[in-house]
Amino acid sequence: MSNPTFRTRISQLRKRKLTKKKIVRRGNPLNRRNNDDDCEAPLVGGQPLALFDLVGRGAAAAAAGAGPSSVPTASSSSTTSSLHHHPPYHLRRKSPTHPVSPPTTLGAISVTDTPSTAASAGASAATAGLPSAATSNTPVLSPPVALTATTAYCPSMLPARKRPRRTYSTGESSTAHYLLYELPDEVLLTIFSYLYERDLCHVAQVCKRFYTIANDNELWKNLYQSLYEYDLPLFNPAPCKFDFVQPEDCDYDNPWKESFKQLYHGVHVRPGHQKHVAKEAGRSVAYFDTIQSAFDYCDDAERPLVLVHSGVYCGEPIVIETNIAFIGAAPGNVAENVILERECESTVMFMEGAQRAYLGYVTIKFSPPSCTDTMQHNKHYALEILENCSPTIEHCIIRSFSHLGAAVSVTGPGAEPVIRYCEISDCENVGLIITERAQGHYEDNEISRNALAGIWVKNFANPIMRRNHIHHGKDVGIFCFDGGQGYFEANDIHNNRIAGFEVKAQANPTVVRCEIHNGQTGGIYVHEHGMGQFIENKIHSNKYAGVWITSNSNPTIRRNEIYNGLQGGVYIFGDGRGLIEHNNIYGNALAGIQIRTNSDPIVRHNKIHDGQHGGIYVHEKGQGLIECNEVYANTLAGVWITTGSTPTLRRNRIHSGKQVGVYFYDNGHGLLEDNDIFNHLYSGVQIRTGSNPNIRRNKIWGGQNGGVLVYNGGLGLLEQNEIFDNAMAGVWIKTDSNPTLRRNKIFDGREAGICIFNGGKGVLEDNDIFRNAQAGVLISTQSHPTQSHPILRRNRIYDGLAAGIEITNNATATLENNHIFNNRFGGLCLASGVNPIERANKIFDNHDAVQKAVTSGQCLYKISSYTSFPMHDFYRCRTCNTTERNAICVNCIKTCHSSHVVEFIRHDRFFCDCGAGTLNNQCQLQGEPTQDTDTLYDSAAPIESQSLMAEV
């Protein structure tokens with residue numbers, strides 16, 4: 001009794017103050033008091049026993065022959081006056097000022113001061129730590145008699161420690177007074193610890209002090225754990241709901257007592273425990289050796305509850321057809337210590353009638369013998385839920401070691417279970433099958449390491465699945481097929497050997513806010529006419545594509561994040577379709593979206609960026625409507641279109657790529673309309689090798705190379721585009737290419753407007769070409785077997801910083817009805833030997849800056865630049881031993897090389913090397929020599945894109 005911790009707890013117990021309001025909120029009838037504020041009389045007899053379902057329980061159990069302990073019930077002869085709430089007993093309240101005479105009798109029991117009575121009382125008192133008859137003249141009652149006697153003690157008496165000591169004459173009243181006031185709390189607490197719940201409730205009715213001590217948390221904790229074995233209080237706040245709660249997080253003053261009360265109506269399956277029933281006087285609890293006998297006993301119960309204690313229950317069929325609650329009871333991890341197991345037929349089966357049944361905190365195993373495992377077990381499961389029942393299964397561990405049957409089967413119309421917080425793992429087949437129009441709620445489960453799919457949803461089943469953890473399966477995570485549906489929200493699906501989520505054969509699930517990642521094959525796989533809505537998911541870090549769509553499937557992929565895939569983001573092939581919209585697709589090793597083999601999806605309002613490869617790749621006759629996307633900052637081309645593909649790209653922003661914006665090659669076709677294509681390291685658009693797209697009403701600008709590059713036999717129709725502010729030519733046509741440019745605006749280029757080289761052709765009609773740094777149109781043939789020969793009709797070429805049209809290097813052209821005006825170096829400038837076909841052109845109001853410079857005696861280098869240089873007479877100096885690559889203007893020939901042997905080469909476009917300071921003698925017209933820039937005869941060819949990707 002000298003333990004300081006124990007004394008501290010008792011001291012705190014004494015100081016506890018319970019308010020009237022708090023008692024009313026708890027709703028605990030045990031806290032009700034009688035009318036008088038100063039009354040210490042006990043509560044109405046039998047009331048707390050009724051709360052614990054103790055009245056008549058033992059007799060009923062005995063009559064049924066079920067084996068529960070039989071305990072007498074409390075007398076119902078107590079007063080029936082109405083009860084009122086009053087403040088609880090306060091140990092520090094002062095004693096009344098009026099004298100009180102102690103009674104001489106305790107209720108109906110009289111104390112006879114006989115030797116035998118005194119001796120027995122002395123022995124009992126000694127056992128309880130009380131004064132004995134041998135040491136005191138006061139008669140002493142044994143503890144049971146004294147506890148009963150105190151029920152008649154005067155209610156006005158208060159704790160002796162808070163008032164002056166009084167001397168009582170020897171007799172019954174002094175013994176009662178001693179028990180009520182003088183006996184230390186520690187002693188009473190020890191005595192009460194030997195009582196069961198029934199007697200403890202009786203004791204709590206004696207007086208306020210006994211009530212306070214009898215409600216001690218430790219008393220009820222020890223009592224609770226001896227009966228239920230749980231480490232924490234378990235509450236039943238609602239039907240089909242059982243929750244463990246930490247005592248400090250509980251709203252009840254005594255959570256152990258409250259939990260005890262909520263579970264007390266249950267019966268217990270505890271094999272071999274019936275032999276202890278006789279020792280549990282003061283308890284009304286039914287024990288059974290088998291689960292079935294407990295079920296039989298509960299047939300007529302209003303709220304049937306069966307608590308199954310620690311152990312392995314083998315071979316016993318568990319078929320539930322009523323609204324029974326069936327729950328494991330064990331210390332530690334409850335489910336691991338209560339095991340239900342069978343070798344044939346289903347271990348636990350719920351059938352029609354189990355509408356509000358409950359199963360929780362157990363392990364369920366189906367373990368067919370290995371020698372018979374080849375038998376037909378496809379209808380045998382660890383847990384089977386049939387049609388027209390809706391049980392709740394919580395906190396269970398479920399295993400099936402059959403190669404032919406799943407761990408959990410939910411089948412049939414009206415099968416609507418609630419399965420939550422369960423672990424379905426390490427099974428030899430599928431973890432969970434939901435089929436034949438079954439439904440139900442499946443929440444917060446862990447489904448892992450199963451040999452086949454974690455979950456099958458088939459045959460028009462329509463479950464709701466939330467917050468499940470589905471991982472490390474040896475097959476697919478979730479498989480919906482044969483018309484399966486369902487709503488899947490906030491599930492974590494990862495590290496499965498095949499896809500995280502597979503859909504086929506008219507299945508149509510809705511998958512929302514799931515995380516699907518680290519799949520060993522892919523994230524989502526929709527095939528064979530599969531459908532589905534995939535919305536706001538995170539799909540990332542999968543070994544292959546984040547989403548695969550094939551074979552006439554048509555899912556909706558909306559507002560997902562698809563990123564960091566080890567291959568592509570979304571892969572649509574084999575006649576796949578689908579709506580791909582409002583997704584954020586980035587950081588994938590291959591294309592963000594890939595469309596091939598006659599697939600025809602709708603791709604719109606996506607962000608496709610920062611890919612390690614390209615943005616959108618359409619090949620092998622791929623199609624699709626690609627509109628209103630933002631494609632940017634990809635390592636290779638923003639959009640690739642090749643090998644007979646014909647997509648439609650409309651109103652996209654394609655920008656800031658590290659190579660080409662849109663790349664058509666190897667017979668790539670399609671429509672590129674109303675797009676904004678800008679700020680690429682290479683050209684905004686490239687067309688090559690037989691590609692023939694229709695490029696209409698786009699803005700192509702800010703390219704670090706050119707705007708549009710057509711080469712190697714490229715074709716295409718470019719209409720009504722705005723092509724401007726590119727670092728090199730607005731449009732390049734090279735190497736036997738033959739596009740048509742019609743009604744475009746090509747302006748503000750930092751080189752020429754249109755450059756046609758090396759056998760380039762094309763038809764240029766009704767274009768506006770203006771404000772370019774070099775020629776509006778530059779036509780040249782250099783070291784190419786085919787002569788460049790475009791056709792220019794009805795174009796307006798004006799305000800250029802060089803010539804309107806320049807033709808050089810034996811190229812030619814057909815020029816009809818063009819208007820060429822207000823250009824700095826002239827309208828039409830032809831190099832030596834060039835004879836184009838000209839018809840009805842209007843060349844007017846151009847500024848002949850070359851002739852003005854020659855007339856004024858200036859070096860023509862003064863009017864040249866690195867990117868813009870005029871067409872004029874080209875000389876060389878034999879005396880200075882210059883070559884044809886060292887051009888000298890006519891004024892430098894006259895001044896700097898006077899009296900030298902000089903030679904006229906041709907009339908062509910170049911800048912003066914003498915003025916540039918690249919010759920040995922200093923230019924006399926130019927002044928200080930300048931940096932060597934070398935002679936340029938042609939615009940630098942663009943760096944050809946290397947974005948040709950091997951087939952994935």
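Since the structure is predicted, the reported quantities are computational estimates derived from the model, not experimental observations.

1. Regarding the overall build of the protein chain
Then, in step 1: For the protein chain, the count of helices and strands is 17 helices and 74 strands.
Then, in step 2: By residue count, 56% of the 952 residues in the protein chain fall in the buried class.
Then, in step 3: Carbon and sulfur atoms make up 49% of the accessible area of the protein chain, which totals about 37,500 Å².

2. Description of helix α11 (residues 217–228)
Then, in step 1: Spanning 12 residues, α11 covers 16 Å between terminal C-alpha atoms, matching the ideal 16 Å at 1.5 Å per step.
Then, in step 2: Two or three places before Glu218, at the start of α11, stands the capping residue Asp216, its side-chain oxygen 3.1 Å from that residue's backbone nitrogen.
Then, in step 3: Trailing α11 by a residue or two, Glu229 shows a phi angle of about 75°, which is positive.

3. Things to note about the packing of aromatic side chains
Then, in step 1: Applying the stated criterion across every chain, the model contains 38 aromatic pairs.
Then, in step 2: A centroid spacing of 5.5 Å and a plane angle of 75° characterise the contact between Phe295 and Phe326, whose relative ring orientation is edge-to-face. Within this pair, whereas Phe295 is found in helix α13 (residues 291–297), its partner Phe326 is found in strand β8 (residues 325–329), the two being separated by 31 residues in sequence.
Then, in step 3: For Phe295, a relative accessible area of 8% corresponds to the buried category.
Then, in step 4: Exposure remark for Phe326: the relative accessible area of 0% places this residue in the buried category.
Then, in step 5: Counting every residue linked through ring pairs, the aromatic cluster contains Trp220, Tyr224, Tyr228, Tyr230, Phe244, Trp256, Phe260, Tyr264 and Tyr361.
Then, in step 6: One residue, Arg906, lies across the ring of Phe874, its end atom 5.0 Å from the ring centre.

4. Observations regarding helix α12 (residues 255–263)
Then, in step 1: When you tally the buried positions in α12, you get 9 out of 9 residues, the bulk of the element.
Then, in step 2: Within the span of α12, buried status applies to Pro255, Trp256, Lys257, Glu258, Ser259, Phe260, Lys261, Gln262 and Leu263.

5. Details of the pattern of salt bridges
Then, in step 1: Taken as a whole and judged by the stated rule, the model has 42 salt bridges.
Then, in step 2: Among the ionic pairs, Arg342 bridges to Glu345, the shortest N-O distance being 3.7 Å.
Then, in step 3: Arg342 sits in the buried class, given a relative accessible area of 10%.
Then, in step 4: Assessed through its relative accessible area of 45%, Glu345 is described here as partly exposed.
Then, in step 5: Of the charged contacts in the structure, one is a salt bridge between Arg559 and Glu536, with a shortest N-O distance of 3.3 Å. Remark: Glu536 occurs in the loop between β32 (533–535) and β33 (538–540) and Arg559 occurs in the loop between β35 (556–558) and β36 (561–563); sequence separation between them is 23 residues.
Then, in step 6: Relative accessible area serves as the criterion here: at 41%, Arg559 is assigned to the partly exposed category.
Then, in step 7: Salt bridges linked by common partners bring Arg650, Glu673, Asp674, Arg696, Arg697, Glu719, Arg742, Arg743, Glu765, Arg793, Glu816 and Arg839 together as one network.

6. Considerations on the nonpolar core
Then, in step 1: One finds Phe350 and Phe501 to be the most contacted residues of the largest nonpolar core, which totals 185 residues.
Then, in step 2: Not counting chain neighbours up to four residues away, the residues in contact with Phe501 comprise Val476, Ile478, Cys480, Phe488, Ile493, Pro509, Val511, Ile516, Gly523, Ile524, Tyr525 and Phe534.

7. Things to note about the pairing of strand β1 (residues 234–238)
Then, in step 1: As judged from the 3 bridges shared by β1 and strand β2 (residues 241–244), these two strands associate in the antiparallel manner. Residue pairing across strands places Phe235 opposite Asp243, the latter belonging to β2.
Then, in step 2: Hairpin connection from β1 to β2: 2 residues lie between these consecutive antiparallel strands, with Cys240 at a positive phi of about 65°.

8. Side note on the side chain of Asn652
Then, in step 1: Relative to the elements of secondary structure, Asn652 occurs in the loop between β47 (648–650) and β48 (653–655).
Then, in step 2: Given the relative accessible area of 2%, Asn652 is considered buried.
Then, in step 3: At a separation of 2.8 Å, a polar atom in the side chain of Asn652 contacts the main-chain amide nitrogen of Asn629.

9. Brief notes about unusual backbone geometry
Then, in step 1: Despite not being glycine, Asn459 shows a phi value in the positive range, around 50°.
Then, in step 2: Despite not being glycine, Asn881 has its phi angle at roughly 60°, a positive value.
Then, in step 3: The residue Asn881 is located in the loop between β73 (871–877) and α16 (890–895) in this model.
Then, in step 4: In this structure Asn881 comes out as exposed when scored by relative accessible area, which is 63%.

10. A few points about the confidence of the model for the protein chain
Then, in step 1: This prediction gives the protein chain a mean pLDDT of 81; 77% of its residues lie at or above 70.
Then, in step 2: Under a pLDDT of 50 for its full length, residues 1–7 has, in the predicted model, 8 contacts with residues more than four places off or in other chains.
Then, in step 3: pLDDT under 50 marks residues 53–170. Its contacts with residues more than four places away, or in other chains, come to 205 contacts.

11. Structural notes on the environment of Val731
Then, in step 1: Tracing the backbone through its elements, the reader meets Val731 in strand β58 (residues 731–733).
Then, in step 2: Separated by 21 residues in the primary sequence, Val731 and Ala752 have C-alpha atoms spaced 8.4 Å apart.
Then, in step 3: Discounting chain neighbours no more than four positions away, the residues touching Val731 are Val708, Ile723, Leu741, Ile746, Gly753, Ile754 and Cys755.

12. So, the environment of His309
Then, in step 1: Position of His309 among the secondary structure elements: in strand β5 (residues 305–309).
Then, in step 2: Note on His309: relative accessible area 1%, which makes it buried.
Then, in step 3: If sequence neighbours within four positions are ignored, His309 has contacts with Leu227, Tyr228, Glu229, His268, Val269, Arg270, Ala329 and Val338.
Then, in step 4: Reaching out from His309, the side chain makes a polar contact with the side chain of His268 at a distance of 2.7 Å.

13. Some words on the pairing of strand β64 (residues 777–780)
Then, in step 1: Residues Val777 and Ile779 of β64 are buried on one face, and the alternating residues Leu778 and Ser780, pointing to the opposite face, are buried as well.
Then, in step 2: When strand β61 (residues 754–756) meets β64, the two strands line up parallel, connected through 3 bridges. Pairing of Cys755 across the sheet is with Leu778, part of β64.
Then, in step 3: Summarising the sheet, β64 and strand β67 (residues 805–808) pair through 4 bridges and their orientation is parallel. Note that in β67 the partner of Leu778 across the bridge is Glu806.

14. Quick look at the packing of α11 against α12
A pair of packed helices is captured by two measures, namely the crossing angle of their axes and the spacing between those axes.
Then, in step 1: Two elements in contact, α11 and α12, have axes whose closest approach is 8 Å; the angle formed by their N-to-C orientations is 35°. By crossing handedness, the relation of α11 to α12 is classed as left-handed. Where α11 approaches α12, its residues Asn217, Trp220, Lys221, Leu223, Tyr224, Gln225, Leu227 and Tyr228 are matched on the opposing element by Pro255, Trp256, Lys257, Ser259, Phe260 and Leu263.
Then, in step 2: The residue inventory of the contact of α11 with α12, partitioned by class, reads 9 nonpolar, 3 polar and 2 charged.

15. Quick notes on the side chain of Ser402
Then, in step 1: Considering the arrangement of structural elements, one finds Ser402 in the loop between β15 (397–400) and β16 (408–411).
Then, in step 2: A relative accessible area of 0% places Ser402 in the buried class.
Then, in step 3: A polar contact is formed between the side chain of Ser402 and the backbone nitrogen of Gly405, at a distance of 3.3 Å.

Rules used in this analysis
- Residues numbered from 1 in each chain as written.
- Predicted model: local features only at pLDDT ≥ 70, side-chain atom pairs only at ≥ 80, totals over all residues.
- Heavy atoms only, no water.
- Helix = DSSP H or I, 4+ residues; strand = E, 2+ residues; numbered from the N terminus.
- Buried < 20%, exposed > 50% of the residue type's maximum accessible area, 1.4 Å probe, protein only.
- Areas by Shrake-Rupley, 256 points an atom, 1.4 Å probe, with all protein chains shown as cover.
- Expected span 1.5 Å × (residues − 1).
- Polar contact = N/O pair within 3.5 Å; in protein donor to acceptor, adjacent residues only side chain to side chain.
- Phe/Tyr/Trp six-rings, centres within 6.5 Å; stacked < 30°, edge-to-face > 60°.
- Lys NZ or Arg CZ within 6 Å of the ring centre and 35° of its normal.
- Salt bridge = Lys/Arg side-chain N within 4 Å of Asp/Glu carboxyl O.
- Core = buried A, V, L, I, M, F, W, Y, C linked by side-chain atoms within 4.5 Å.
- Contact = heavy atoms within 4.5 Å.
- Pairing = 2+ DSSP bridges.
- pLDDT = per-residue confidence, 0-100.
- Axes fitted to C-alpha atoms, helices over the stretch in contact; angles between N-to-C directions.
- Left-handed = near helix turned anticlockwise from the far one by under 90°.
- Nonpolar A, V, L, I, M, F, W, Y, C, P; charged D, E, K, R; others polar.

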